[in-house]
Amino acid sequence: MSWQQLHLQCPQSAVELAEALFYEAGAVSILLEDAGDEPLFEPMPGEEPLWSDVIMTAIFDTNSDDSWAGTNFENLASEIASEVNATRFWLTRLDDKDWTREWMTYYQPIKCAGNLWIVPEWLDVPDPNATNLILDPGLAFGTGYHATTRLCLDWLSEQDLKDKLVIDYGCGSGILGVAALLLGARQVLAVDIDPQAVLATHQNAALNGVSERLMAFLPEEFTEYRSQNPQLADTITANILAKPLIMFAPTFNQLLKPGGSIVLAGLIQNQTQDVIKAYAPYFDIEAPFNYQDAEDHHWHRLSGIKKS
């Protein structure tokens, strides 16, 4: 069994119309890709930037029924390409697979600093005597493979977290908060704007037996909780992006007790000085850290201590 894919290349201004035409024709899914090598600068929440030249792939489920029998997909693609002034179009077939399990083959256990392992839920732990974080990333960010996550995990493994209250802001899969608990933290308050991330964080806390010590919130829920529970945190982790990190500097200052520690990630080198400048009134920030000899050396971490 296979799926029919229709591809076309068009300008950004034609994407919305092309999507509507593809869905009207019966497409079950549409993928957008960069047609060149154009970087997208980090968006703020709610923004949806798009490349100036886009490759669109529309997928048609020709396995579901017989209604597609005799359909000339080349003519269909040609008509839509003409309607949106596409520069080119082509067709391919996509072999059917067990997609619910296909992505799982790409994950392996990851060893972090301090004998901390990140182990996908469906694999055996390599070292039963290590600190093993069992993870199902689901649809949320944070598998341990991205350098920004590893930078934070390595930092956490070097901290004395015993009996500490940790806030994980932008928690994604919950990987940093769960790691903090496994490394000795007393409680974690996790926050994310994505409901899927809050769900994934709860699920991964349960996988690791730390549910009773972790609470996960959407931002408005966290604000309400804080109004009733104003206790200051000992540590804050925030693996997000430079613009939100700059915006949250005063907030993190209010959430953290004097002498408390903070770790920030999601930064490339030319963003670190702007973030340091935003945090300097409140924190003593150490020099940026990165994996200098690694392929992903362009990602940097900042950490520091709140001033008394």
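Shown above is the structure to which this text applies.
In this convention, every chain numbers its residues from 1, walking through the sequence in written order. In keeping with the predicted nature of the model, local features appear solely for residues at pLDDT of at least 70, side-chain atom pairs appear and are counted solely at 80 or more, and the whole-chain, interface and lining totals rest on all residues. Heavy atoms throughout the structure, all of them, feed into the side-chain values; hydrogens and water do not.

**So, the overall build of the protein**
Part 1 of the reasoning: Helix and strand content of the protein: nine helices and 14 strands.
Part 2 of the reasoning: Each residue is assigned to one of three classes by its accessible area relative to the maximum for its type, calculated with a 1.4 Å probe on protein chains only: buried under 20%, partly exposed between the two thresholds, exposed over 50%. Here the protein holds 308 residues, and the buried ones make up 47% of them.
Part 3 of the reasoning: A contact between two residues is defined here by any heavy atoms of the two lying within 4.5 Å. Put simply, of all contacts in the protein between residues at least 6 apart along the chain, 65% involve residues at least 24 apart.
Part 4 of the reasoning: As presented, the protein carries roughly 15700 Å² of accessible surface, and 51% of it is formed by carbon and sulfur atoms. Each helix corresponds to a stretch of at least 4 residues labelled H or I by DSSP, and each strand to a stretch of at least 2 residues labelled E; elements are numbered beginning at the N terminus. The Shrake-Rupley method, run with a 1.4 Å probe, gives the accessible areas here. Residue values count only the displayed protein chains as cover.

**What about the packing of aromatic side chains?**
Part 1 of the reasoning: A pair of aromatic rings is counted whenever rings of Phe, Tyr or Trp (Trp by its six-membered ring) have centres within 6.5 Å, and the orientation is called stacked for planes under 30 degrees apart, edge-to-face for over 60 and tilted otherwise. One pass over the full model with this rule turns up twelve aromatic pairs.
Part 2 of the reasoning: Considering the side-chain rings of Y169 and F222, the 6.2 Å spacing of their centres and the 80 degrees angle between planes classify their relative orientation as edge-to-face. Note that Y169 is positioned in strand 8 (residues 165–169) and F222 in helix 7 (residues 219–228), a separation of 53 residues in sequence. The same class applies to Y169 and to F222, which are both buried.
Part 3 of the reasoning: Cluster of aromatic residues (ring-pair linked, three or more members): Y169, F217, F222, Y225, F248 and F252.

**Structural notes on the sheet that holds strand 11 (residues 233–239)**
Part 1 of the reasoning: We call two strands paired when DSSP finds no fewer than two bridges between them. Spatially, the seven strands line up as an open sheet ordered 10-9-8-11-12-14-13, and their pairing is mixed. Of all strands in the sheet, those bounded by a partner on one side alone are strand 10 (214–217) and strand 13 (283–285). Going from strand to strand, the sheet's axes swing by 20 degrees on average, the running direction of each strand aside.
Part 2 of the reasoning: With four bridges joining them, strand 9 (residues 187–191) and strand 10 adopt parallel strand pairing. Each bridged residue has a counterpart across the sheet, and for L189 the counterpart in strand 10 is M215.
Part 3 of the reasoning: Lying over the sheet, helix 7 contacts strand 8, strand 9 and strand 10, oriented at roughly 125 degrees with respect to strand 10.
Part 4 of the reasoning: Lying on the sheet, helix 8 (residues 242–255) is in contact with strand 8, strand 11, strand 12 (256–268), strand 13 and strand 14 (299–306); it crosses strand 12 at an angle near 175 degrees. Here, axes are lines fitted to C-alpha atoms. For helices the fit covers the stretch in contact, and angles between N-to-C directions go from 0 to 180 degrees.

**Points about the sheet that holds strand 7 (residues 131–135)**
Part 1 of the reasoning: Pairing within the open sheet is mixed, and its three strands lie in the order 5-6-7. Looking at which strands have only one partner, the edges of the open sheet turn out to be strand 5 (110–112) and strand 7. When strand polarity is set aside, the average angle formed by the axes of neighbouring strands in this sheet is 25 degrees.
Part 2 of the reasoning: Here strand 5 pairs with strand 6 (residues 116–120) via three bridges, running antiparallel. Paired with K111 across the two strands is W117, which belongs to strand 6.
Part 3 of the reasoning: Most of the contacts of helix 5 (residues 175–182) go to strand 7, to which it runs at about 150 degrees, and overall it touches strand 6 and strand 7.

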